[in-house]
Amino acid sequence: MTLVFMRLAISTCLLASAVSGSVSVLGAQERTVTVSVAARALVRGDTLQASDIATMDTTIVWRWNSVAPDTTRALPGWVTRRNIALGEVLRAPAVMPPPAITSGTRVTAIWQDGPLRVVVTGIATNTAAIGAPVGVRIDPTRRLDGIAAGPNTVRLR
């Protein structure tokens, strides 16, 4: 009986707000954010220049129990990973920071615990930007996992 009453109360509130012209979603947050948009059509593999990026203010709404939307702005030097239309929002995975490590290149893998430091070389198994996961193949049967720390440098986990 209580559940039926709650549903009736919520329906009444939503109907009243819809009639008045504004819709309020229970448990939702609303925020105005500035997002990066494409100032021209971009093709896959383009490196963003300052003239390729425009900004636009927009209002976003999301439920309080969901993950907050990604509002990271694209920066000059980032690379497009697919074709992007004029006015489209520039966000991952369509645009990403430039890779610090390219798949198949020789990398230096470093593991450190206090004063103890182990340095090995290997081959990167994937392309990654700084802070992204990277696999390092030491020999045909051994593979290590780490995080890209710089150009051709991996910090092992």
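Shown above is the structure to which this text applies.
A few points on the structure. (Residues numbered from 1 in each chain as written. Predicted model: local features only at pLDDT ≥ 70, side-chain atom pairs only at ≥ 80, totals over all residues. Heavy atoms only, no water.)

1. Digging into the pattern of salt bridges
Side-chain pairs of opposite charge can arise where the charged atoms are in close proximity.
Thought 1: The tally for this structure, following the rule as stated, stands at five salt bridges.
Thought 2: Here Asp-46 and Arg-40 are joined by a salt bridge, their closest N and O atoms 3.9 Å apart.
Thought 3: In this structure, Arg-143 and Asp-145 form a salt bridge, with 3.2 Å as the shortest nitrogen-oxygen distance.
Thought 4: For Arg-143, a relative accessible area of 52% corresponds to the exposed category.
Thought 5: What emerges from the salt-bridge pattern is a single network uniting Arg-40, Asp-46 and Asp-52. (Salt bridge = Lys/Arg side-chain N within 4 Å of Asp/Glu carboxyl O. Buried < 20%, exposed > 50% of the residue type's maximum accessible area, 1.4 Å probe, protein only.)

2. Things to note about the environment of Ala-100
Thought 1: Along the chain, Ala-100 turns up in the loop between strand E4 (95-96) and strand E5 (106-113).
Thought 2: By relative accessible area, which is 18% here, Ala-100 ends up buried.
Thought 3: Linking Ala-100 and Thr-153, residues 53 residues apart in sequence, is a C-alpha distance of 8.3 Å.
Thought 4: Sequence-distant contacts of Ala-100, defined by excluding residues within four places in its chain, comprise Ala-128, Ala-129, Ile-130, Gly-150, Pro-151 and Asn-152. (Helix = DSSP H or I, 4+ residues; strand = E, 2+ residues; numbered from the N terminus. Contact = heavy atoms within 4.5 Å.)

3. Considerations on the sheet that holds strand E7 (residues 133-139)
Thought 1: The five strands are arranged E5-E6-E7-E8-E9 in a closed barrel whose pairing can be described as mixed. Between one strand axis and the next, the sheet turns through 50 degrees on average, direction left out of account. (Pairing = 2+ DSSP bridges. Axes fitted to C-alpha atoms, helices over the stretch in contact; angles between N-to-C directions.)

4. A look at unusual backbone geometry
Thought 1: Note the cis peptide between Ala-92 and Pro-93, where omega equals 5 degrees.
Thought 2: Inspection of the secondary structure assignment puts Pro-93 in the loop between strand E3 (79-80) and E4.
Thought 3: A positive phi angle, near 55 degrees, is found at Asn-152, a position not held by glycine.
Thought 4: Examined against the element boundaries, Asn-152 turns out to sit in the loop between strand E8 (142-150) and strand E9 (153-156).
Thought 5: The class of Asn-152 is partly exposed, set by a relative accessible area of 34%.

5. Topic: the layout of surface pockets
Thought 1: Approximately 200 Å³ is the volume found for the largest pocket.
Thought 2: Around the largest pocket, the lining residues are Val-79, Arg-81, Met-96, Pro-97, Pro-99, Thr-127, Ala-128, Ala-129 and Ala-132.
Thought 3: Residue classes in the lining of the largest pocket are distributed as seven nonpolar, one polar and one charged. (1 Å grid on protein atoms, 1.4 Å probe; cavity = no way out; pocket = protein on both sides within 12 Å on 5 of 7 lines; lining within 4 Å. Points joined across faces, edges and corners; volume = space filled by probe spheres on them. Nonpolar A, V, L, I, M, F, W, Y, C, P; charged D, E, K, R; others polar.)

6. Considerations on the side chain of Ser-36
Thought 1: Looking at where Ser-36 falls in the secondary structure, it is placed in strand E1 (residues 28-38).
Thought 2: Exposure remark for Ser-36: the relative accessible area of 3% places this residue in the buried category.
Thought 3: A polar contact is formed between the side chain of Ser-36 and the backbone nitrogen of Ala-74, at a distance of 3.4 Å. (Polar contact = N/O pair within 3.5 Å; in protein donor to acceptor, adjacent residues only side chain to side chain.)

7. Observations regarding the side chain of Asp-46
Thought 1: Assignment of secondary structure puts Asp-46 in the loop between E1 and strand E2 (53-63).
Thought 2: For Asp-46, the side chain forms a polar contact with the main-chain nitrogen of Val-43, separated by 3.2 Å.
Thought 3: When near neighbours in sequence (up to four residues on either side) are disregarded, Asp-46 contacts Arg-40, Trp-78, Val-79 and Thr-80.

8. Some details on the environment of Leu-48
Thought 1: Note that Leu-48 resides in the loop between E1 and E2.
Thought 2: By relative accessible area, Leu-48 is classed as buried at 1%.
Thought 3: Along the backbone, Leu-48 and Thr-80 are 32 residues apart, and their C-alpha atoms lie at a distance of 7.5 Å.
Thought 4: Beyond its immediate sequence surroundings of up to four residues, Leu-48 is in contact with Leu-42, Ile-53, Ala-74, Leu-75, Pro-76, Gly-77, Trp-78, Thr-80, Leu-90 and Val-95.

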